[in-house]
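# Tertiary structure, described
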Amino acid sequence: MKKTALALVFLLLSSIAALAADVEMTSVESSLLDKVGYDPEAKVLVIQMNFSSDRYVYSDVPQTVYDGLMKAASKGSYYVKKIKGQYPSQRK
């Protein structure tokens with residue numbers, strides 16, 4: 001039973017990572033964040049930090065959170081307060 005559950009979690013995370021590869025990324029003005037992408041159908045948010053090629057893929061992120069990030073005066077602060085640690089994530 002545990003192996004089946006772990007396999008399902010792995011498949012879910014793998015499919016989220018595959019979706020992230022297809023998400024269109026937009027450059028943002030921020031000292032912390034470099035690019036942001038969002039897939040509203042899958043509710044997947046992808047964040048790329050400045051000075052890194054790593055992408056953080058967040059699942060189950062509502063459109064309102066993405067909209068808030070894109071409208072925030074400080075995108076880095078918004079990310080730290082409203083996204084980081086709040087949603088399931090995977091580093092890619």
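As a starting point, this report considers the structure included with it. (Residues numbered from 1 in each chain as written. Predicted model: local features only at pLDDT ≥ 70, side-chain atom pairs only at ≥ 80, totals over all residues. Heavy atoms only, no water.)

## What to know about the sheet that holds strand E2 (residues 33-39)
By way of backbone hydrogen bonds, the strands of a sheet pair with one another, either parallel or antiparallel. Strand order in the open sheet formed by five strands is E1-E2-E3-E4-E5, and the pairing between neighbours is antiparallel. Every interior strand has two partners, whereas the edge strands, strand E1 (25-27) and strand E5 (89-91), have only one. Averaged over all neighbouring strand pairs, the angle between strand axes comes to 20 degrees, with direction disregarded. Where strand E3 (residues 44-49) lies against strand E4 (residues 55-58), four bridges are found, and the strand directions are antiparallel. Paired with Leu-45 across the bridge in E4 is Tyr-58. (Pairing = 2+ DSSP bridges. Helix = DSSP H or I, 4+ residues; strand = E, 2+ residues; numbered from the N terminus. Axes fitted to C-alpha atoms, helices over the stretch in contact; angles between N-to-C directions.)

## Focus: the pairing of E2
Among the seven residues that make up E2, five are buried, leaving the element largely enclosed by the rest of the structure. Bridge analysis of E1 against E2 gives three bridges, and the strand direction is antiparallel. Following the sheet pairing, Thr-26 is matched in E2 by Val-36. For E2 and E3, the ladder comprises six bridges, and the chain directions are antiparallel. Bridge pairing in E3 places Asp-39 opposite Val-44. (Buried < 20%, exposed > 50% of the residue type's maximum accessible area, 1.4 Å probe, protein only.)

## Brief notes about the pairing of E4
If you look at the hairpin formed by E3 and E4, you'll find five residues sitting between the two strands, and Phe-51 has a positive phi there, around 60 degrees. Of the pairings in the sheet, the one linking E4 to E5 comprises three bridges and is antiparallel in character. Each bridged residue has a counterpart across the sheet, and for Val-57 the counterpart in E5 is Gln-90.

## Some remarks on helix H3 (residues 75-83)
Here H3 has its buried residues at Lys-75, Gly-76, Tyr-78, Tyr-79 and Ile-83. On an axial view of H3, the arc spanned by its buried residues comes to 160 degrees, and they lie on one face. Check the buried side of H3 and you find it contacts E2, E3, E4 and helix H2 (63-71). Just downstream of H3, Gly-85 is the residue with a positive phi angle, here 80 degrees. (Arc of directions from axis to C-beta. Contact = heavy atoms within 4.5 Å.)

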